[in-house]
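Here are the chains, one letter per residue:
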Amino acid sequence: MGGIPPAVEVESSATNIMKNDVIYLDHNASTPCDRRVVDAMVPLLTSHHANPSSHQHRSGQQASSLLSDARHRVARSLGSNRASEITFTSGATEANNLVIKGLAESLRDRGLHLVSQVTEHPSVLEPLRYLERNGWQLTLLPVGLDGRIALEQLAGALRPDTVLVSLMLANNETGTIQPVAEAAELVHRHDVPIHCDAAQAIGKVAVDVHVLAVDFLTFSAHKVYGPKGIGGLYRRHHRPPIDIRPQLHGGGQEYGLRSGTPNVPAAVGLARALEIAGTDWRSDSQRIGGLRDLLERRIMSRLDGVAVNGAAGHRLPGTSNLSFAGVDGNALLASLPDLAISSGSACTSDHSEPSYVLRAMGIAVDLAAASVRISLGRTTTEGEVELAAERLVEEVVRLRAIPRRGHSPRT
Ligand code: PMP
């Protein structure tokens, strides 16, 4: 119990979020729950607790109508006007598994070829590799130094037996934005469905399923100031329908696609979080982008040997992936207990190998190992950015002065 650091109310009520004494700059890993989201959810934990599938009584009907309302609001926030296009899941990992494995299985008579790209999140790459081990064929497109795929290479990868293309909208480590709408147009000309993992993009750039023209889109509440443990899959209404084989079998909830008692309070929280993202993303992104530029300016004006990875391409406003030549990224993190930042992807941070995302972009092993990811968010203040830049510069200077085998001290 005693290990929980104290939380203090943030001075500005505009953010509606609590903070503690560590400067939190790891918003791509997870975001704090917005107070407005919490307020929408909490009453539902003690009231309207009935199972939404219990249609026999009024309590169940009320829970069902809350779930249905949340589904409509989620659909609307993503630009869809059909609630039935939304399936709630436990998050983006489950939604990615559901669409990739479920679609591959249902279309196996049509073909066994899948296309994606090298810097996708593990929750896309691992289901694809699982399928590859089980008889499917996988083409992973390379990316350039800017982290983006080339559309000509996508066109060249499509085959008559291709049944799915999966392309993320924004990368979690570098913030690189892929040309999803252009890819969708190309892929549809070949009559192939396209899935987009938009978990990192929502709330930071415009995300509209019709503008992107994708058939499937996955999302997660905890990346957008909502609760953990809820996310979903958008599945475009097709005639004839594109079937997805369920991956969880049971009571047949969520249109038979995802069995298990629905989490009504979390679904309502997700709906609220997406609505707030829909109205605030432009002003949030403008402010956060300005802070990210300030952070990079402060660091680069005081240090040599700093590279901003992925800066050449289209990038999310709040993500800064920096390599500090001659410094081990993990050692740098260990020396900064007052900053919550990460090396590589938080989801693979147990592995000590340099980031596969940076390596795929052609960044040398030593520079990839010298990288940290800083991700700013709705609560980040200018004061925090100034302090974080100061601390990073201090520790990089200190670590560079310690002689390392094979490295000479930098001055
Ligand atoms: N896709 C991307 C791009 C992500 O960044 C993440 C979270 N790191 C996920 C999928 C998985 O999301 P969740 O935590 O909701 O399973």
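Before reading on, note that the structure itself is shown above.
First, a word on what this report is: a plain description of the structure on this page. Please read all numbers here as calculations on a predicted model, not as lab measurements. (Residues numbered from 1 in each chain as written. Predicted model: local features only at pLDDT ≥ 70, side-chain atom pairs only at ≥ 80, totals over all residues. Heavy atoms only, no water.)

### A closer look at the overall build of the chain
The helix and strand tally for the chain stands at 12 helices and 14 strands. Taking 22 Å as the expected radius of gyration for a compact globule of 411 residues, we find that the chain reaches 22 Å, a close match to that expectation. In terms of its C-alpha atoms, the chain occupies a principal-axis envelope of roughly 70 × 50 × 35 Å. By the burial criterion, 55% of the 411 residues in the chain qualify as buried. Taking the contacts inside the chain whose residues are at least 6 apart along the sequence as the reference set, 72% of them involve residues at least 24 apart. Carbon and sulfur atoms form 52% of the exposed surface of the chain, whose accessible area is close to 17900 Å². Counting 41 positive and 43 negative side-chain charges, the chain places the averaged centre of each group 2 Å from the other. (Helix = DSSP H or I, 4+ residues; strand = E, 2+ residues; numbered from the N terminus. Rg over C-alpha atoms; globule rule 2.2 N^0.38 Å. Buried < 20%, exposed > 50% of the residue type's maximum accessible area, 1.4 Å probe, protein only. Contact = heavy atoms within 4.5 Å. Areas by Shrake-Rupley, 256 points an atom, 1.4 Å probe, with all protein chains shown as cover. Lys, Arg positive; Asp, Glu negative; His and termini not counted. Charge placed at Lys NZ, Arg CZ, Asp CG, Glu CD.)

### Observations concerning the side chain of H27
With respect to the helices, strands and loops of the structure, H27 is situated in the loop between β3 (23–24) and α1 (35–46). Residue H27 is classed as buried on the basis of its relative accessible area of 1%. Looking at H27, its side chain comes within polar contact range of the side chain of T379, at 3.5 Å. In contact with H27, not counting residues within four places along its chain, are P32, Y225, S375, L376, G377, R378, T379 and T380. (Polar contact = N/O pair within 3.5 Å; in protein donor to acceptor, adjacent residues only side chain to side chain.)

### Focus: empty space enclosed by the protein
The full count for this structure, using the stated rule, is one cavity of 30 Å³ or more. When its volume is computed, the largest cavity comes out at roughly 150 Å³. As for the largest cavity, its lining consists of 16 residues, and the residues nearest its centre are G203, K204, Y225, I288 and L376. Of the residues that constitute the lining of the largest cavity, the class distribution is six nonpolar, six polar and four charged. (1 Å grid on protein atoms, 1.4 Å probe; cavity = no way out; pocket = protein on both sides within 12 Å on 5 of 7 lines; lining within 4 Å. Points joined across faces, edges and corners; volume = space filled by probe spheres on them. Nonpolar A, V, L, I, M, F, W, Y, C, P; charged D, E, K, R; others polar.)

### A word on the sheet that holds strand β5 (residues 113–117)
Adjacent strands of a sheet pair through backbone hydrogen bonds, lying either parallel or antiparallel. Here we have seven strands laid out as an open sheet, ordered β4-β10-β9-β8-β7-β5-β6, and mixed in their pairing. Whereas interior strands pair on both sides, the edge strands pair on one side only; in this sheet they are β4 (86–89) and β6 (137–141). When the angles between neighbouring strand axes are averaged without regard to direction, this sheet yields 20°. Sheet topology note: the β5/β6 ladder contains five bridges and is parallel. Each bridged residue has a counterpart across the sheet, and for V115 the counterpart in β6 is T139. (Pairing = 2+ DSSP bridges. Axes fitted to C-alpha atoms, helices over the stretch in contact; angles between N-to-C directions.)

### What to know about the pattern of salt bridges
In total, this model carries 21 salt bridges according to the counting rule given. Ionic pairing is found between D34 and R36, a salt bridge with its closest N-O pair at 3.0 Å. Overall, D34 belongs to the buried group, its relative accessible area being 0%. Note that R272 is salt-bridged to E275, the shortest N-O span being 3.5 Å. Of this pair, R272 and E275 are both found in helix α8 (residues 264–300), three residues apart, which corresponds to roughly one turn of the helix. Each of the salt bridges in this network shares a partner with another, and the network as a whole consists of D34, R36, D280, D284 and R378. (Salt bridge = Lys/Arg side-chain N within 4 Å of Asp/Glu carboxyl O.)

### A short note on the site of the ligand
Inspection of the region around the ligand gives 15 residues, with T93, D197, S220, H222 and K223 positioned closest. Separating an oxygen atom of the ligand from a side-chain N or O atom of T93 is a distance of 2.6 Å. One nitrogen or oxygen atom from the side chain of D197 is found 2.6 Å from a nitrogen atom belonging to the ligand. The element best represented in the shell around the ligand is helix α3 (residues 92–106), accounting for three residues. Its residues assigned to classes, the shell around the ligand shows four nonpolar, nine polar and two charged. (Near = heavy atom within 4 Å.)

### Re the sheet that holds strand β14 (residues 371–375)
Across the sheet, which stays open at both edges, the three strands sit in the order β11-β12-β14 with antiparallel pairing between neighbours. On the outer flanks of this sheet lie β11 (306–308) and β14, each paired with one strand and no other. Direction aside, neighbouring strands of the sheet carry axes that sit 25° apart on average. As defined by bridge partners, β11 adjoins strand β12 (residues 319–324) across three bridges and the pair is classed as antiparallel. Considered in β12, the bridge of V306 is made with F324. Each of β11, β12 and β14 is contacted by α8, which is oriented at about 15° to β12, the strand it contacts most.

### Description of helix α2 (residues 58–77)
Working note: α-helix, 3.6 residues per turn, so residues spaced by three or four point in the same direction. End to end, α2 covers 28 Å across 20 residues, agreeing with the expected 28 Å (1.5 Å per residue, within 8%). Among all positions in α2, only G60, A63, L67, A70, R71, R73, V74 and A75 are buried. On its buried face, α2 sits against β4, β9 (216–220) and α8. The positive-phi residue at the C-terminal boundary of α2 is G79, with phi of around 90°. (Expected span 1.5 Å × (residues − 1).)

### Describing the packing of α1 against α8
Following both chains from N to C, one finds α1 and α8 inclined at 165°, their axes separated by 8 Å at the closest point. The orientation of α1 relative to α8 falls into the category roughly antiparallel. Relative to α8, the crossing made by α1 is right-handed. Contacts between α1 and α8 involve R36, V37, A40, M41, L44 and L45 from the former and P265, A266, V268, G269, R272, A273, I276 and D280 from the latter. The class makeup of the residues in the contact of α1 with α8 is 10 nonpolar, one polar and three charged. (Parallel < 35°, antiparallel > 145°, perpendicular 65-115°, else oblique. Left-handed = near helix turned anticlockwise from the far one by under 90°.)

### Points about the nonpolar core
When a protein is soluble and globular, its nonpolar side chains tend to lie buried together. Residues L154, L217 and F219 are the most contacted members of the largest nonpolar core, which totals 60 residues. Core analysis: the next-biggest nonpolar cluster, separate from the first, contains 26 residues, L25, L339, A388 and A389 among them. (Core = buried A, V, L, I, M, F, W, Y, C linked by side-chain atoms within 4.5 Å.)

### Some words on the side chain of R236
Following the sequence through the fold, R236 ends up in the loop between β10 (231–235) and α8. Buried within the structure, R236 lacks any salt-bridge partner; D215 is the closest side chain of opposite charge, at an N-O distance of 4.2 Å. In terms of polar contacts, R236 uses its side chain to reach the backbone carbonyl oxygen of V209, at 3.1 Å. A polar atom in the side chain of R236 sits 3.2 Å from the side chain of H210.

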